[in-house]
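Summary of the model geometry
Each chain is listed here by its residues.
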Amino acid sequence: MPRKLIAIAGAATIALVGTVAAQAMTAVRASTPRQARSFIPRVSFKQLARVNGTTAQGVAFTRTPDGHLHLVYQTFAGKSLNGLATMEISAKGHPGSQVTVLSGWQAGQPGLVRQPNGTLEALFGAISPSNVSSLWGVISSDGGASWSAPTDVKGGGSLESLVYGSDVTAAPSSGNVVVTLPQAGRLIIQRGLGSGSPNYELTNPGDGSTADADVATDASTGEVVTAWNSISGNPTLYVQGASPSIQPLQKVPGQSKNEMELAGRDTGPGVYGAYTPDGQHVLLLRYGGGAVRVGSVAKTKADALGVATGPQGRIWVMWGDDAGGGVNVTRSNKAVTRFEPIQHLNPKSAVLYRISGDGRLGPLDLLVDQIPDTGSLQPPSLYYARVLAELSAHLYVAPIKNKHNQVIAHLLRVTVTDAGDRVPGAVVTARGVHKTTDASGTAEFKWGYRVKGKFTVGITKAGYWRLTKTAGF
């Protein structure tokens, strides 16, 4: 497993938590149905590019204000790494063409950040063609259409002689860029980019880092939180506030064979990571707080887990395996205490490395690093799918009677929710009549007493799959 170098930078769109002390974690029971249906055929996966097949994140990404999701990843010449490339996915979920960032470098897996001035910066560890080993950055000021030559952005301080790891992941943060660097059992934090940027060691011999680390930022405080898998003693997952100051260490309970990805809310405090205590059931941990049960699907093991930022404080959770169990996704409510019905997807994985994504626009832009199960040997590749959120609805049917207890009409009341949150503005269609849910998520219909029989109720809203239910008088 390669060492991972992780960077965080400059805009305030991914939120994560950390100034509170680590507390005992208590699982909160989720009240939504936990069992997914069969594979959902409406979700299709598209192959985007070849990626490096490791448990380290194979692609880094950031979202720009125009809604475009920008990706950066390694490129190959034959079987050898040969540079970096970028690609963007439009706000409507359409992947564009690949753009070369640099070639001729054996660059590690990169990170990508959006600086406060709007520029994109890809960060990567590499040995340059002139044999200089360092942390490097390339900048685009035109939305990823063109990129600058690499610049050495390694910091100074007492730890500047460390050879930086080769793999980078990135997430937005307020203020300076913060880089976390797994280094042969040591996790080094660098604040800022370039000569003179201070750095310090986060770990100690009792919680030393192995390889992969991840990092994200609390949108409300700007605190940077990192997670890593430690090899000190039994393999253990840790989460800790790392910048601007070191906060209490928090151990993730249960089994620890999985790497932990972190994501923050788009508004409000909270740093979250998914984990499994037993390889089957999935929980969502909040750094410095407790955990909420997400769910399980009998046919899917939790071999790879991911999280992603959603709108209005929501968090997406994803997990899957490569034994034909597919990938499951679900999104939380605004308070991150309940979840939508689980969606069961089929990326057709022979080997599943990582699951990640971004859901700030509402739908989840889902990214899967895998070797596809095609019946013939294929290289590890990045696959993409857009997944809409799930609605739920409660139908109340009742007769309307006059003072003589005679049925004079029929009432249908439809209450539309998203993980328990009421959904206004949804269009409900019943017997050819269209109504829009009010601020309480409710729409009402009335028909004469002669109207009888079963009928379909359809519910639609932008960003959600269409929901149908059956009612009758």
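Residues numbered from 1 in each chain as written. Predicted model: local features only at pLDDT ≥ 70, side-chain atom pairs only at ≥ 80, totals over all residues. Heavy atoms only, no water.

Time to look at the overall build of the protein. Helices and strands together make up the secondary structure of the protein, namely 0 helices and 38 strands. Scored against the burial criterion, the 473 residues of the protein give a buried share of 58%. Counting only contacts in the protein whose residues sit at least 6 apart along the sequence, the fraction spanning at least 24 positions is 55%. Carbon and sulfur atoms make up 51% of the accessible area of the protein, which amounts to about 18,200 Å² in all. (Helix = DSSP H or I, 4+ residues; strand = E, 2+ residues; numbered from the N terminus. Buried < 20%, exposed > 50% of the residue type's maximum accessible area, 1.4 Å probe, protein only. Contact = heavy atoms within 4.5 Å. Areas by Shrake-Rupley, 256 points an atom, 1.4 Å probe, with all protein chains shown as cover.)

Right, let's talk about empty space enclosed by the protein for a bit. Enumeration over the complete set of coordinates arrives at 3 cavities of 30 Å³ or more. Roughly 50 Å³ of volume is contained in the second largest cavity. For the lining of the second largest cavity, the secondary-structure elements that each account for two or more residues are β16 (209-217) and β17 (224-230). (1 Å grid on protein atoms, 1.4 Å probe; cavity = no way out; pocket = protein on both sides within 12 Å on 5 of 7 lines; lining within 4 Å. Points joined across faces, edges and corners; volume = space filled by probe spheres on them.)

Within the largest apolar cluster, 40 residues are counted, with the highest numbers of intra-cluster contacts made by Val329, Leu366, Leu412, Val414, Val457 and Ile459. In contact with Leu366, not counting residues within four places along its chain, are Phe45, Met318, Val329, Leu345, Ile355, Ser356, Tyr383, Tyr384, Ala385 and Val387. Core analysis: the second largest hydrophobic core is formed by 17 residues, Leu284, Ala302, Trp319 and Phe339 among them. (Core = buried A, V, L, I, M, F, W, Y, C linked by side-chain atoms within 4.5 Å.)

Bringing the sheet that holds strand β10 (residues 133-140) into the picture now. As summarised here, the arrangement of the 4 strands in space is β8-β9-β10-β11, forming an open sheet in which the pairing is antiparallel. With partners counted over all chains shown, the strands left at the sheet margins are β8 (111-114) and β11 (151-152), one partner each. The pairing of β10 with β11 spans 2 bridges and is antiparallel. Paired with Trp136 across the strands is Asp152, a residue of β11. (Pairing = 2+ DSSP bridges.)

Moving on, we come to the environment of Met318. Mapped onto the secondary structure, Met318 falls in strand β25 (residues 315-320). Along the backbone, Met318 and Ala274 are 44 residues apart, and their C-alpha atoms lie at a distance of 8.1 Å. Filtering out sequence-adjacent residues up to four positions away, Met318 remains in contact with Ala304, Leu305, Gly306, Val307, Ala308, Asn328, Val329, Ile355, Ser356, Gly357, Leu364 and Leu366.

This part covers the sheet that holds strand β34 (residues 427-430). In space, the 4 strands of this open sheet follow the order β35-β34-β37-β38, with antiparallel pairing throughout. Sheet topology places β35 (433-436) and β38 (467-472) at the edges, where each strand pairs with a single neighbour. Neighbour to neighbour, the strand axes of the sheet diverge by 25° on average, direction disregarded. Here β34 pairs with strand β37 (residues 454-460) via 4 bridges, running antiparallel. Opposite Ala430, over in β37, you have Val457 as the bridge partner. (Axes fitted to C-alpha atoms, helices over the stretch in contact; angles between N-to-C directions.)

Once that is clear, we can look at unusual backbone geometry. The step from Ser243 to Pro244 runs through a cis peptide bond, and the omega angle for that step is 10°. Within the fold, Pro244 resides in the loop between β18 (236-243) and β19 (249-251). Phi is positive for Asn131, which is not a glycine, with a value near 70°. Tracing the backbone shows Asn131 in the loop between β9 (120-127) and β10. For Asn131, a relative accessible area of 62% translates into the label exposed.

Regions with low pLDDT should not have their predicted coordinates read in detail. For the protein, the mean per-residue pLDDT works out to 85, and 85% of the residues sit at or above 70. Contacts of residues 1-35 to residues separated by more than four positions or lying in other chains number 184 contacts, the stretch itself having pLDDT below 50. (pLDDT = per-residue confidence, 0-100.)

Another aspect to go through is the pattern of salt bridges. In total, this model carries 11 salt bridges according to the counting rule given. In this structure, Asp358 engages Arg360 in a salt bridge whose closest nitrogen and oxygen atoms are separated by 1.9 Å. Relative accessible area serves as the criterion here: at 2%, Asp358 is assigned to the buried category. For the salt bridge of Glu444 with Arg413, the shortest nitrogen-to-oxygen distance reads 2.7 Å. Residue Glu444 is found in strand β36 (residues 442-448), and its partner Arg413 is found in strand β32 (residues 407-418); the two are separated by 31 residues along the sequence. (Salt bridge = Lys/Arg side-chain N within 4 Å of Asp/Glu carboxyl O.)

Before going further, it helps to examine the layout of surface pockets. In this approach a probe as big as a water molecule rolls over the atoms, and the regions it shows empty are the leftover space. Looking at the largest pocket, its volume works out to about 220 Å³. Around the largest pocket sit 18 residues that line it, and Gln312, Arg314, Val423, Lys461 and Tyr464 are the ones nearest its centre. Looking at the lining of the largest pocket residue by residue, the class counts come to 8 nonpolar, 3 polar and 7 charged. (Nonpolar A, V, L, I, M, F, W, Y, C, P; charged D, E, K, R; others polar.)

This part is about the environment of Arg338. For Arg338, the location among the structural elements is in the loop between β26 (327-331) and β27 (343-345). On the basis of relative accessible area, Arg338 is assigned to the partly exposed category, the value being 29%. The sequence separation of Arg338 and Val292 amounts to 46 residues, and the corresponding C-alpha distance is 7.8 Å.

Moving on, we come to the packing of aromatic side chains. Under the counting rule described, the total for this entry stands at 7 aromatic pairs. A connected cluster of aromatic rings, assembled from ring pairs, spans Phe445, Trp447, Phe455 and Phe473. The residue whose ring lies beneath Arg50 is Phe76, and the NZ or CZ to ring-centre distance is 3.9 Å. Between Lys435 and the ring centre of Phe445, over which it is positioned, the NZ or CZ distance is 4.9 Å. (Phe/Tyr/Trp six-rings, centres within 6.5 Å; stacked < 30°, edge-to-face > 60°. Lys NZ or Arg CZ within 6 Å of the ring centre and 35° of its normal.)

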